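# Geometric and topological summary
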Amino acid sequence: MIYKSQKDNYFEIIKISEQLGQIRDVDSLLDRILSEARKITNADAGSIYLKKGDSLSFEYVQNDTLMKNVAGGNKYLYTKQVIPIDDKSIAGYVAAHKTFLRLDDVYNLDKNVPYTFNRNFDKSSSYHTQSVLTVPLITSRDKIIGVMQIINARDEEGNIIPFSKEEETLVTLFANMAASAIERAQMTREIILRMIKIAELRDPEETTLHVQRVAAYSIEIYEQWAQKKKIPSETIKNVKDILRIASMLHDVGKVAISDSILKKKQQLDDDERKIMKLHTIYGAQLFVDSNSDWDDMAAEIALNHHEKWDGTGYPGFFSQNGKDISIPISGKKGTEIPLSARIVSLADVYDALISPRYYKNAWNEENVLAEINDQKGRHFDPEILDAFFEIYPVIKAIKNKYSKD
Ligand SMILES: [Fe+2]
Ligand SMILES: [Fe+2]
């Protein structure tokens, strides 16, 4: 939507840019940035590539035609695509020259331009890309961190039209402001992943890929569950923003468990198993002294991710006498377990079963799904499990995106 006057437009962009500072997770941020950039131009779709080393990595997409209100449409979010920064592609050209490109019809490009339009996405999704506005994401320190592409501008009747010169100016201005916010959120993400790398030195099971998969499964399961519950979309966005980061930290408490237990190749004995269970409590203790909603959720998940719906998990309502912690025989039950932890527990177990680990091969998919389904109402909350199966194509796309190449 183009606002009444040029002045209104600039004012609106500055207001939105200020709000971007409140978003912590990088994916939530990209989602918001694309929504706003598309709103400025009434565009049907858009995507963001971020610079990773010498290439651009596909990071986020919105597409009203393919994704809005389509179950499983979120699978496009987890497309794995890396393109070189060179003159051959539109996004590559924009990144290489730190310039924008406003193209009226990518299927009819001028013969003299060095770049071509990659038709693969259109072919695989039956989408038709036409007008494309591509702008570089450049921070205030003149560093290029990625490229934003806004696709298929629409008039009031929904017909695809070219982007205007004014829209180009507005989107470029907005992209500059957004770039610094993205850089900040990327730093937060990197610090979290570094914390996980430290934990990984101790426990080779908690790899950065495992936690990224668990985080992505968790937010997608949550979104599906929440939409069915008719939870307002603003709340869904806020929860996703903190759930992704908090779920990555579900097992950081393991840093407090000794190597003799953590790295033991044989089965743990009863006493050792009791100590191992304490990783839930140690993990929660890392976040208790803070009062941000982010830390609250991280603590909640660390503490409760081994609870089971039927009450047979741990640590339950434990008591603490000085330094000694005693874990009761029965765990928390049903909705006594926080929602976030009910979700992460399913995401974590699914990923553990479907991935190879040093002591076992990956299970075959059919067996994993049968096993998980068998735990409906036992280990897992039935509603959460339903949501998981409803978006299974998205789950598979996530598994594929965060895998070793
Ligand atoms: Fe755990
Ligand atoms: Fe895990």
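If you're wondering where the values come from, they're calculated on a predicted model, not measured in any experiment. Residue numbers here run from 1 along each chain, matching the order of that chain's written sequence. The order in which chains are written sets their letters, starting at A; the order in which ligands are written sets their numbers, starting at 1. Only residues with pLDDT of at least 70 get local features here, since the model is predicted, and only at 80 or more are side-chain atom pairs given and counted; chain-wide, interface and lining totals rely on the full set of residues.

This part covers the overall build of the protein. Helix and strand definitions here come from DSSP, where helices need a minimum of 4 consecutive H or I residues and strands a minimum of 2 consecutive E residues; each element is numbered from the N-terminal end. In terms of helices and strands, the protein carries 16 helices and 9 strands. Within these notes, the globule rule equals 2.2 Å times the number of residues to the 0.38 power, and the radius of gyration is based on C-alpha atoms. For a compact globule of 405 residues, the expected C-alpha radius of gyration is about 22 Å, and the protein comes in at 23 Å, within 12% of that figure. Counting only C-alpha atoms, the protein reaches 70 × 45 × 40 Å along its principal axes. It is the C-beta atoms, placed from the backbone, that decide contacts: two residues are in contact if theirs lie within 7 Å. Contacts in the protein between residues far apart in sequence, at least 24 positions, make up 66% of those at least 6 positions apart.

Every angle, taken between N-to-C directions, lies between 0 and 180 degrees, and every axis is a line fitted to C-alpha atoms, over only the stretch in contact when it is a helix. Running from amino to carboxyl end, helix H7 (residues 208-228) crosses helix H8 (residues 233-248) at an angle of 155°, the nearest separation of the two axes being 8 Å. As the angle between them shows, H7 and H8 are arranged roughly antiparallel. The two elements H7 and H8 cross, and the hand of that crossing is right-handed. Only Ile236, Val239, Lys240, Leu243, Arg244, Ser247 and Met248 of H8 make contact with H7, whose side of the interface consists of Val211, Val214, Ala215, Ser218, Ile219, Tyr222, Glu223 and Ala226. The residue inventory of the contact of H7 with H8, partitioned by class, reads 10 nonpolar, 2 polar and 3 charged. Convention used here: angles under 35 degrees read as roughly parallel, angles over 145 as roughly antiparallel, angles from 65 to 115 as roughly perpendicular, and any remaining angle as oblique. Handedness of a crossing follows from how the near helix is turned relative to the far one, being left-handed for an anticlockwise turn of less than a right angle and right-handed for a clockwise one. Note on residue categories: nonpolar means Ala, Val, Leu, Ile, Met, Phe, Trp, Tyr, Cys or Pro, charged means Asp, Glu, Lys or Arg, and polar means any other residue, Gly included.

We now examine the domain arrangement of the protein. When the domains of the protein are assigned, the result is domain 1 (6-182) and domain 2 (203-401). All the domain ranges listed were derived from an automatic or database domain assignment. Using C-alpha coordinates to define each centre, domain 1 is positioned 34 Å away from domain 2. Each side of the interface is counted separately: domain 1 has 11 residues, and domain 2 has 17 residues. A per-class count over the side of domain 1 that touches domain 2 returns 3 nonpolar, 3 polar and 5 charged.

Moving on, we come to unusual backbone geometry. Note that the residue after tyrosine 314, namely proline 315, is joined by a cis bond; omega there is 5°. Unlike most non-glycine residues, asparagine 42 shows phi in positive territory, near 50°. In this fold, asparagine 42 is placed in the loop between helix H2 (26-41) and strand S1 (43-52). Labels follow a simple rule on C-beta atoms placed from the backbone: if 20 or more others lie within 10 Å of a residue's own, it is buried; if 12 or fewer, it is exposed; otherwise it is partly exposed. Asparagine 42 sits in the partly exposed class, given 16 other C-beta atoms within 10 Å. Non-glycine residue aspartate 142 carries a positive phi angle of around 65°.

On to the nonpolar core, then. Connectivity within a nonpolar core runs through C-beta atoms within 7 Å, and the core itself is a set of buried Ala, Val, Leu, Ile, Met, Phe, Trp, Tyr and Cys residues. One finds Val171, Ile221, Leu346 and Ile384 to be the most contacted residues of the largest nonpolar core, which totals 96 residues. Ranked by the residues each element gives to this core, the list is headed by helix H6 (residues 165-202), at 11 residues. Each of domain 1 (6-182) and domain 2 (203-401) accounts for three or more of the residues forming this core. Those residues in contact with isoleucine 221 that sit more than four places away from it in its chain are Ile343, Leu346, Ala347, Ile384, Ala387, Phe388 and Ile391.

For histidine 210, the location among the structural elements is in helix H7. A C-alpha to C-alpha distance of 12 Å links histidine 210 and asparagine 400, two positions 190 residues apart in sequence. Not counting residues within four places of it along the chain, the set of residues in contact with histidine 210 comprises Asp351 and Ser355.

Judged by how many residues are buried, S1 sits mostly within the fold: 8 of 10 residues are covered. Bridge analysis of S1 against strand S6 (residues 144-154) gives 7 bridges, and the strand direction is antiparallel. Looking at the pairing, leucine 50 lines up with glycine 146 of S6. Strands were regarded as paired on the criterion that DSSP finds at least two bridges between them. With 8 bridges joining them, S1 and strand S2 (residues 55-63) adopt antiparallel strand pairing. In the sheet register, tyrosine 49 faces S2, and the bridge partner there is phenylalanine 58. Hairpin connection from S1 to S2: 2 residues lie between these consecutive antiparallel strands, with glycine 53 at a positive phi of about 65°.

Close reading of the predicted structure is inappropriate where its pLDDT is low. A score between 0 and 100, pLDDT records how confident the predictor is in each residue. Taken as a whole, the protein shows an average pLDDT of 92; of its residues, 98% reach a score of 70 or greater. Taking the mean pLDDT of every element in the protein, the minimum, 84, falls on helix H1 (residues 6-20) and the maximum, 98, on helix H15 (residues 382-390).

With that settled, consider helix H4 (residues 90-97). A turn of α-helix holds 3.6 residues, and therefore any two residues three or four places apart point the same way. Among the 8 residues that make up H4, 6 are buried, leaving the element largely enclosed by the rest of the structure. The set of residues buried in H4 consists of Ile90, Ala91, Gly92, Tyr93, Val94 and Ala95. Where H4 is buried, its residues touch S1, S2, strand S3 (82-84), strand S4 (101-103), strand S5 (132-138) and S6. A positive backbone phi angle near 50° is found at lysine 98, which sits one or two residues after H4.

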